[in-house]
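Residue-level structure breakdown
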Amino acid sequence: MEIRLSAESVAEYGGDAVVVAVVEKAAPSGAAAAADERLGGLIGRLVAAGEIKGKQSEVTILHTQGKLPAARVAVVGLGRAEDADLLALRGAMGAAARALRDRGCRRVGVTCHQALPGTARAEHCMRAALEGAYVGLYRGGERKSGQELPEELEELWLLGMAEGPQEAAAAVVRTARVVGEATNYARRLVNLPANQVTPRSLAEEAVEVAKRTGLEVEVLEPPQLRELGLGALLAVGEGSEQPPRLIVLRHHRKRTGPRVAFVGKGLTFDSGGISIKPTDGMHLMKSDMAGAAAVLAAMGAAGELKLEVDLLGVIPAAENLPSGRAYRPGDVLTALGGKTIEVISTDAEGRLVLADALGYARQLGASHLVDVATLTGACVVALGHVAAGVMGNDNEFVEAVLDAGERAGERMWRLPLFPEYRRQLDSKIADLKNVGGRPAGTITGGWFLREFAGDTAWVHIDIAGTAWSEQDEPHQVEGATGAGTRTLIALAERMAGGTG
Ligand code: BES
Ligand code: ZN
Ligand code: ZN
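Residues numbered from 1 in each chain as written. Chains lettered and ligands numbered in written order. Predicted model: local features only at pLDDT ≥ 70, side-chain atom pairs only at ≥ 80, totals over all residues. Heavy atoms only, no water.

Further remarks concern the coordination of the zinc ion (ligand 3). Bound to the zinc ion (ligand 3) on the protein side are K265 (NZ), D270 (OD), D288 (OD) and E349 (OE), at distances that span 2.0 to 2.4 Å. Ordering the donors of the zinc ion (ligand 3) by residue number gives the pattern K-x4-D-x17-D-x60-E. A gap of 3.2 Å separates the zinc ion (ligand 3) and the zinc ion (ligand 2), which D270 links by coordinating each metal. Note that D270 is positioned in strand β10 (residues 266–270) and E349 in the loop between β13 (340–342) and α10 (350–363), a separation of 79 residues in sequence. Each member of the pair, D270 as well as E349, is classed as buried. (Donors = N, O, S within 2.8 Å, 3.2 Å for Na, K, Ca; no water. Helix = DSSP H or I, 4+ residues; strand = E, 2+ residues; numbered from the N terminus. Buried < 20%, exposed > 50% of the residue type's maximum accessible area, 1.4 Å probe, protein only.)

On to the site of ligand 1, then. Taken together, 15 residues form the shell around ligand 1, and within it K277, D288, D347, E349 and G377 come nearest. One of the side-chain N or O atoms of K265 is found 3.1 Å from an oxygen atom in ligand 1. Surface burial for ligand 1 is 76%, taken as the share of its 520 Å² of free accessible area covered by protein chains. The class makeup of the residues in the shell around ligand 1 is four nonpolar, four polar and seven charged. (Near = heavy atom within 4 Å. Polar contact = N/O pair within 3.5 Å; in protein donor to acceptor, adjacent residues only side chain to side chain. Areas by Shrake-Rupley, 256 points an atom, 1.4 Å probe, with all protein chains shown as cover. Nonpolar A, V, L, I, M, F, W, Y, C, P; charged D, E, K, R; others polar.)

Ordered in space as β12-β13-β17, the three strands form an open sheet in which the pairing is mixed. Of all the strands in the sheet, the pair left with one neighbour each is β12 (332–334) and β17 (432–433). (Pairing = 2+ DSSP bridges.)

Distances from the zinc ion (ligand 2) to its protein donors, D270 (OD), D347 (O), D347 (OD) and E349 (OE), fall within 2.0 to 2.2 Å. Each of the six donor atoms bound to the zinc ion (ligand 2) contributes to angles spanning 72 to 168°, and the resulting shape is irregular. Going along the chain, you hit the donors of the zinc ion (ligand 2) in the pattern D-x76-D-x1-E. Using a relative accessible area of 3% as the deciding quantity, one classes D270 as buried. (Tetrahedral: all angles 85-135°; square planar, octahedral: opposite > 155°, others 65-115°.)

Written out as structure tokens, the structure reads:
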């Protein structure tokens, strides 16, 4: 999809469709009012009759029959006026773009910089709407055999952009494209099955991304991992024929200031290992590398955008399978840095690989650590598929990550790491055990990681509930969501001193 800028108004643009937004229980205003006037009040009558409700992401496609130069008007809902924020705009734009694309529209116009009433800044609106369009237009999965190539939405026109504002908008458009495409790149990786994404192929993928976006990359294989002492990552990978890898990406733009490490859980498949999972839903554990995909995509985007910040991407990649060589419950592992871990469940493997990866990022001089991981089923119980769980050891940095999440349109909610929870990880034979029992499972997972962050500022984002959508939504197809990608990019922008 190409994004173009035009000074034309909704009443002048002659493509396949124009998109206008409405809120619940209100007469059309702004671009919707302009379209309504040309249509002889049709939109207003449909609103009055309750056929257009303005609910979040509801899309109504009207044919203009020559009353407007565009062939169709798509009226999209932003929900209740008090909920009509940038997140609502993202979803609405995704839903409209998807619905129009599926009806064969190739050229679509929108005045997204004016879509929200009130205080939202034009460039924030534009960025949210454009990113929403990219997310909406992603089709998901591999194509089935024998299917014809479906038609794509080719041109998205930002209308009502006079020459001066066009220049300022060009930078926003470019950033939105990089961020939108990074999100969809992460989704593609996560949707791929585990026979196509292995620790080795993930490393090859990282090398490709690095080449394309100007990052440095290094891939550590078992002999080096052994030499360095990454005993936890090695143990998790032992049951698989596919040996583990530690993938390290570097984006060096600034040699002073913070060095932020993005650490992503890269379990290309999580069967649970010897503590094997039940059959139901096990196939979805191909998505247990969603954190790694987010880190890889965000690092690539930071490279492409040449963000002025020093970044590290660290991805521990492994496959968790049961076999005669697999690690066992009861085993005691020594992680990088020397802490010992009693394995209670081989299914709590994410925290083990992350322990080593966090330790390695610290050895590389990270001043800030953010890990992104499909870490706990308990997080799905606590926050559902709506919000990611956030924990950390540094209030200021936690706030920075929450703020980045908000800007990125990813819902996040902080959970407490009260000291009382730490006791659940006490072990009689090692420094800590890898499971803290059923209560507060997401928090004890967070506490485990905290032990390996030491005194480095660290934030943990548990995306177990948000990385995968079990059904089609108006604004996105079912499957991988790219969770974490946009938050990491927004954080990098923030650390670079940009507007994000
Ligand atoms: N990858 C899973 C967590 C998960 C569950 C992600 C559901 C997405 C959806 C993780 O490795 C795991 O199995 N965690 C265990 C931890 C427990 C043994 C302490 C869990 O959540 O049950
Ligand atoms: Zn597991
Ligand atoms: Zn897992």
